[in-house]
Amino acid sequence: MVVFSVKPFFTVLVVSLSLFFLLALLSPHSSFSLNPIFGEPSQREVDIWSVRRLVEWRPCNWWLQGHQIGLLRISWFAMVGVKLLRAALPLEINGYIRVDCYGGLNQMRRDFCDGVGIARLLNATLVLPKFEVASYWNETRQFTFLFLGFADVYDVDYFIQQMNGFVKIVKELPSEIASKEPIRVDCSKRKGQFDYVESVLPSLLKHKYISITPAMSQRRDRYPLYAKAALCQACYKALRLTKSLEMKASQLLDAIPKPFMSLHLRFEPDMVAYSQCEYPGLSPASIKAIEAAQVDRKPWTGELARLWRRRGKCPLAPNETSLILQSLSISPTTNIYLAAGDGLMEIEGLTDTYANIVTKSSLLSGEDFTSMHGNTKAALDYYVSINSDSYIATYFGNMDKMVAAMRAFRGLYKTLFLSRRGFAELTSQGLRGKELVQALWKIHRDDFAMGRGSALPECFCEFKL
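Here we summarise the structure given alongside this text. Starting afresh in each chain, residues are numbered from 1 along the sequence in its written order. Two thresholds apply to this predicted model, a pLDDT of at least 70 for residue-level local features and 80 or more for giving and counting side-chain atom pairs, whereas whole-chain, interface and lining totals are computed over all residues. Based on all heavy atoms of the structure, the side-chain values leave hydrogens and waters out of the count.

1. Focus: the pattern of salt bridges
The working definition used for a salt bridge is a side-chain nitrogen of Lys or Arg within 4 Å of a carboxyl oxygen of Asp or Glu. As enumerated under the stated definition, the model contains 16 salt bridges in all. Taking the shortest distance from any N to any O, the salt bridge between Glu-56 and Arg-53 comes out at 2.4 Å. Any residue under 20% of the maximum accessible area for its type is buried, any over 50% is exposed, and the rest in between are partly exposed; the area is computed with a 1.4 Å probe on protein chains only. Residue classification places Glu-56 among the buried residues on the basis of a relative accessible area of 9%. Accessibility expressed as a relative area gives 24% for Arg-53, which makes it partly exposed.

2. Section: the sheet that holds strand E6 (residues 169–170)
Here we have 5 strands laid out as an open sheet, ordered E6-E5-E4-E8-E7, and parallel in their pairing. This sheet does not close on itself; its edge strands, each paired only once, are E6 and strand E7 (183–184). In this analysis, strands are considered paired if DSSP registers two or more bridges between them. Helix and strand labels come from DSSP, where a helix needs a run of H or I of at least four residues and a strand needs a run of E of at least two; each type is numbered from the N terminus. Where E7 and strand E8 (residues 209–212) come together, 2 bridges link them in parallel fashion. Bridge pairing links Arg-184 to Ser-211 in E8.

3. Here we look at the state of the cysteines
Disulfide assignment relies on a single distance test, namely cysteine sulfur atoms paired within 2.5 Å. Scanning the entire structure with this criterion turns up 4 disulfides. Note that Cys-113 is cross-linked by a disulfide to Cys-235, the S-S spacing being 2.4 Å. Between Cys-113 and Cys-235 the disulfide shows an S-S torsion of about 105°. By sign, it is right-handed. Separated by 122 residues along the polypeptide, Cys-113 in helix H3 (residues 105–121) and Cys-235 in helix H9 (residues 225–238) bring together distant segments of the chain. Between the sulfur of Cys-232 and that of Cys-459 lies a disulfide, 2.1 Å long from S to S. For the disulfide bridge between Cys-232 and Cys-459, the dihedral angle about the S-S bond is near -95°, and by the sign convention the bridge is left-handed. In this pair, Cys-232 sits in helix H9 while Cys-459 sits in the loop between helix H21 (433–450) and strand E14 (460–464), placing the two residues 227 residues apart along the sequence. Pair check on accessibility: Cys-232 and Cys-459 agree, each one buried. Going through the protein in sequence order and numbering each bonded cysteine, the pairs you get are 1-8, 2-4, 3-7, 5-6.

4. Observations concerning the sheet that holds strand E10 (residues 335–339)
Pairing is parallel across the open sheet formed by 5 strands, whose spatial order is E11-E10-E9-E12-E13. Of all strands in the sheet, those with a lone pairing partner are strand E11 (357–358) and strand E13 (415–417), marking the two edges. With 2 bridges joining them, E10 and E11 adopt parallel strand pairing. Bridging across to E11, Tyr-337 finds its partner in Val-358.

And the structure:
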């Protein structure tokens, strides 16, 4: 009979296991090892999307509840001590409002949504908006729809149905005012509830039919909740592409290899010229294109140029975008849909590293693409981007804000805005190589974790996770 002590055996076992885990920890292939570049666990190298989020932006309850909203107290600043009942729309209206929208598709969408909120604020009936796009896109050719009206992009019947109970809408004006042009009311300096009520409402009551273009700088947070709810409902639930346009967008989406990331890159000649930023090392063709687009907007020089760049005013070039994507551990094999306008410059700075890139022009037939209106292309980019597995924007323009908000509305949180200011700050400090990559990771890790810039605050509320 063999007799042995359990205690020595247990001691040997503990020591052996300890040595095993120590070797595993120090092994370069261990998932817990220190990364030589970042000085952090290599688990972080999965990619930016593996970062644990601390905050989500979700649609506010007061909007989603819609008709179920009961007695709500407006802030003291808006109307002291008054309670508002979110009940049925008033039987009597103060007149009709048409929203005149200019610029690109997403700018017009933003202005129209603001106009919906204003119409509800002033107890007006909304007339289908006027979309004026030819001058923005510099379109000179004749298209089936020259000005690409609201009904050419969005499903009118669906919009009216979804807005039922939020604001009154008509396709056609009453006969007594149908032959008249609306009285134009300047809203360029109107801000918030009081200005619209005090300055615009009198014109509406007097003329009964007015047109407005909402002010870009208005304070939507001052709206009573019923007006804010109308704005939010219009922007994120009621606007749907026409069936024909949605079918084309769906076909484009189906043609993209999956899974994929949508990248909104802004480095067209007019964009760079408008920014007044300088970029060393550009090709002669790019320099010529920028100079042609500059007109009288010459780039800043010297200290002013450095200050301008450090404020985040300069669009990220494709090679800068590529560097940031690499710092976020976005794999070079990632399928990327490039949501961008025509004439994108220096694209080799991105494709040299990220080769799996597709565009509208590469997936659509040549005839179909060349005959397409600029805003139709923008609608396709929007549709693909809100349905992508992830979305990264190099700018913070109207499309980026709309896409990010819609993705948040749909519960898609792999959305990130690259930090132009952060990139400029770090490079101005002389950071290069591993130090720059590590610093870029930290900036964007924090932005993603906190959900910065991922939604429009007037319709979305912050939820701690």
